[in-house]
Amino acid sequence: QVQLVESGGGLVQAGDSLKLSCAASGRTLRSYVMGWLRQAPGKEREFVAAIWWGGSTYYANSEKGRFSISRDNAKNLVYLQMNSLKPEDTAVYYCAAGSLLSNGSYVADYWGQGTQVTVSS
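Residues numbered from 1 in each chain as written. Predicted model: local features only at pLDDT ≥ 70, side-chain atom pairs only at ≥ 80, totals over all residues. Heavy atoms only, no water.

Draft legend 1. Representation of the state of the cysteines. Enumeration according to the criterion identifies 1 disulfide in this entry. Here Cys-22 is linked by a disulfide to Cys-95, with a sulfur-sulfur distance of 2.1 Å. In this structure, the disulfide formed by Cys-22 and Cys-95 twists by about -75° around the S-S bond and is classed as left-handed. Taken as a pair, Cys-22 in strand S3 (residues 18-26) and Cys-95 in strand S9 (residues 91-100) lie far apart in primary sequence, 73 residues in all. Like Cys-22, the residue Cys-95 is buried in the burial classification. (Disulfide = S-S within 2.5 Å. Helix = DSSP H or I, 4+ residues; strand = E, 2+ residues; numbered from the N terminus. Buried < 20%, exposed > 50% of the residue type's maximum accessible area, 1.4 Å probe, protein only.)

This is how it looks when you write it as structure tokens:
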């Protein structure tokens, strides 16, 4: 079992930055690709970014350059730095532990409860 707890969400203005954190506990995280996904109102959950134990990263094309994923393996923390936020970034952001398929799809084995990010115009 892996437990994931997100934090750092909130209400910001367009153009602001926000950093989300995910605290992980349980089974060794070395086996998992850690990911961030989001779900906007009325939309399906979508992949944002993923990071391997060794630090390699993978991003959804739409977020390249604005979002940055990182992890602190010693502290079992995963971060999502979001810059130049837009109203369309408004969503519940979820931390997940899973794997990334060869076709670029992220498959989550464990989810956090999510943290709300609201970007006002």
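Draft legend 2. Examining the nonpolar core more closely. Counting residues in each nonpolar core, the largest one holds 29 residues, and the members touching the most others are Leu-4, Met-34, Trp-36, Leu-80, Met-82 and Tyr-93. Those elements that place two or more of their residues in this core are strand S1 (2-7), S3, strand S4 (33-39), strand S5 (46-51), strand S7 (67-72), strand S8 (77-82), S9 and strand S11 (115-120). Once residues within four sequence positions are removed from consideration, Leu-4 is found in contact with Cys-22, Ala-23, Ala-24, Met-34, Cys-95, Ala-96, Ala-97, Tyr-110, Trp-111, Gly-112 and Gln-113. Core analysis: the next-biggest nonpolar cluster, separate from the first, contains 8 residues, Val-33, Ala-50, Ala-60 and Tyr-106 among them. (Core = buried A, V, L, I, M, F, W, Y, C linked by side-chain atoms within 4.5 Å. Contact = heavy atoms within 4.5 Å.)

Draft legend 3. Quick look at the environment of Ala-91. Looking at the element boundaries, Ala-91 is found in strand S9. Counting along the chain gives 24 residues from Ala-91 to Thr-115, while the straight-line C-alpha distance between them is 8.4 Å. Dropping the residues within four chain positions of it, Ala-91 is found in contact with Arg-38, Gln-39, Ala-40, Thr-115, Gln-116 and Val-117.

Draft legend 4. Geometry of the environment of Asp-72. By secondary structure assignment, the location of Asp-72 is in strand S7. Each C-alpha atom of the pair Asp-72 and Ala-108 lies 20 Å from the other, and the pair is 36 residues apart in sequence. When neighbours within four sequence positions are excluded, Asp-72 is seen to be in contact with Leu-77 and Tyr-79.

Draft legend 5. Representation of the pairing of strand S10 (residues 106-111) in the model. Pairing of S9 with S10 involves 5 bridges; the strand directions are antiparallel. Within the sheet, the bridge partner assigned to Gly-98 lies in S10 and is Ala-108. (Pairing = 2+ DSSP bridges.)

Draft legend 6. Geometry of unusual backbone geometry. Even without being glycine, Asn-76 reaches a positive phi, approximately 55°. Locating Asn-76 in the fold gives a position in the loop between S7 and S8. Residue Ser-84 is not a glycine yet carries a positive backbone phi of 50°. Among the structural elements, Ser-84 can be located in the loop between S8 and S9. Classification of Ser-84 as partly exposed rests on a relative accessible area of 42%.

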